[in-house]
Amino acid sequence: APSGGGVSGNITFLAGGLTRVTVNGAASASTGMRFNGYGAGAITADASGNLTSVSDLRVKDNVRPFLEGLVVLASIEPISHGYTPESGLDQSKKDYAGFSAQNIQRVLPQAVTEGADGLLSLYDRAILAVLVNAVKELQAEVTRLKSGA
């Protein structure tokens, strides 16, 4: 081990024979944790709190335009909330901002998944894609109005 008793190399956690979490203990810019099986891929968290996931077009197939935008965005109802004791999450804070998976599921079902425990989770990238398309739609309308069309 390095001086100070730290860890060098990786620590890997397995479940069902599959790698689920890798902790990179080497002192480098890529030090962090990789969570496999996050959504359709993996998420990496570094020591600065940055979350990233693979988005390289070279590893994607069936690529096509995502067209949802303003109509879906207008149906999304952000909420302020706390967590129940049953959630196992911090109940001391009662003003988290976010969404209910049930609301999102009605208007953007591809953004919601159901876990083995029956709880719903969100893929926030689908919501972000809707937001980008909605901004593009609004910009096209602004451009149209400015041109007098």
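Note: the structure precedes this text.
Below or above, wherever it landed, is the structure these notes cover. Because the structure is predicted, anything quoted here is derived from the model rather than measured.

Moving on: the overall build of the chain. Along the chain, the regular secondary structure elements total three helices and nine strands. Burial status across the chain gives 15% buried among its 149 residues. A separation threshold of at least 6 residues defines the contact pool for the chain, and within that pool the share at least 24 residues apart is 24%. Carbon and sulfur atoms make up 58% of the accessible area of the chain, which totals about 10,800 Å².

Take the nonpolar core next. In this structure, Val-72, Ile-76, Ala-101, Ile-104, Leu-108, Ala-111, Val-112, Ala-126, Ile-127 and Val-130 together form the largest nonpolar core, which totals 10 residues. Counting residues per element, the ones that place at least two in this core are α2 (101-107) and α3 (124-146). Here this core gets three residues from one element, more than from any other, and that element is α3. Excluding anything up to four places from it in sequence, Ile-104 contacts Ile-76, Phe-99, Pro-109, Ala-111, Val-112, Leu-122 and Ile-127.

This model, assessed by the stated rule, comprises one aromatic pair. Stacked on the ring of Tyr-96, the Lys or Arg Lys-93 has its end atom at 4.6 Å from the ring centre.

Below, the discussion takes up the environment of Ser-80. Residue placement: Ser-80 occurs in strand β6 (residues 79-81). When the C-alpha atoms of Ser-80 and Asp-95 are compared, they prove to be 5.4 Å apart, with 15 residues separating the residues in sequence. Sequence-distant contacts of Ser-80, defined by excluding residues within four places in its chain, comprise Lys-94, Asp-95 and Tyr-96.

Residues Leu-128, Leu-131, Val-132 and Val-135 make up a contiguous nonpolar surface patch of about 340 Å² in total accessible area. As for its position among the elements, Val-132 is in helix α3.

Another aspect to go through is the side chain of Asn-133. Inspection of the secondary structure puts Asn-133 in helix α3. A distance of 2.7 Å separates a polar atom in the side chain of Asn-133 from the backbone oxygen of Phe-66. Residues within four places of Asn-133 in sequence aside, it is in contact with Phe-66, Leu-67, Glu-68 and Gly-69.

Here we take up the environment of Val-132. Here Val-132 falls in the partly exposed class, since its relative accessible area comes to 41%. Sequence separation between Val-132 and Gly-69 is 63 residues, and the spatial gap between their C-alpha atoms is 7.5 Å.

A separate point is the pattern of salt bridges. Overall, the coordinates contain two salt bridges when judged by the stated rule. A salt bridge links Arg-58 to Asp-56; the shortest N-O distance between them is 2.5 Å. Arg-58 gets classed as exposed once you look at its relative accessible area, which sits at 74%. Where Glu-141 meets Arg-144, a salt bridge forms, and the shortest distance between an N and an O atom there is 2.6 Å. On the criterion of helical spacing, the pair formed by Glu-141 and Arg-144 is a turn pair, its members being three residues apart in helix α3.

In this model, α3 (23 residues) spans 33 Å end to end at C-alpha, consistent with the 33 Å of a helix rising 1.5 Å per residue. Every buried residue belonging to α3 is among Ala-126, Ile-127, Val-130, Asn-133 and Ala-134, and all of these are buried. Each element contacted by the buried residues of α3 is listed here: α1 (70-75), α2 and β9 (120-122). Gly-148 sits one or two positions beyond α3 and adopts a positive phi of about 75 degrees.

Cut-offs applied
- Residues numbered from 1 in each chain as written.
- Predicted model: local features only at pLDDT ≥ 70, side-chain atom pairs only at ≥ 80, totals over all residues.
- Heavy atoms only, no water.
- Helix = DSSP H or I, 4+ residues; strand = E, 2+ residues; numbered from the N terminus.
- Buried < 20%, exposed > 50% of the residue type's maximum accessible area, 1.4 Å probe, protein only.
- Contact = heavy atoms within 4.5 Å.
- Areas by Shrake-Rupley, 256 points an atom, 1.4 Å probe, with all protein chains shown as cover.
- Core = buried A, V, L, I, M, F, W, Y, C linked by side-chain atoms within 4.5 Å.
- Phe/Tyr/Trp six-rings, centres within 6.5 Å; stacked < 30°, edge-to-face > 60°.
- Lys NZ or Arg CZ within 6 Å of the ring centre and 35° of its normal.
- Patch = residues over 30% accessible without salt bridge, like charges linked within 9 Å, V, L, I, M, F, W, Y side chains within 5 Å.
- Salt bridge = Lys/Arg side-chain N within 4 Å of Asp/Glu carboxyl O.
- Polar contact = N/O pair within 3.5 Å; in protein donor to acceptor, adjacent residues only side chain to side chain.
- Expected span 1.5 Å × (residues − 1).

Purely spatial values, then, with no claim about function.
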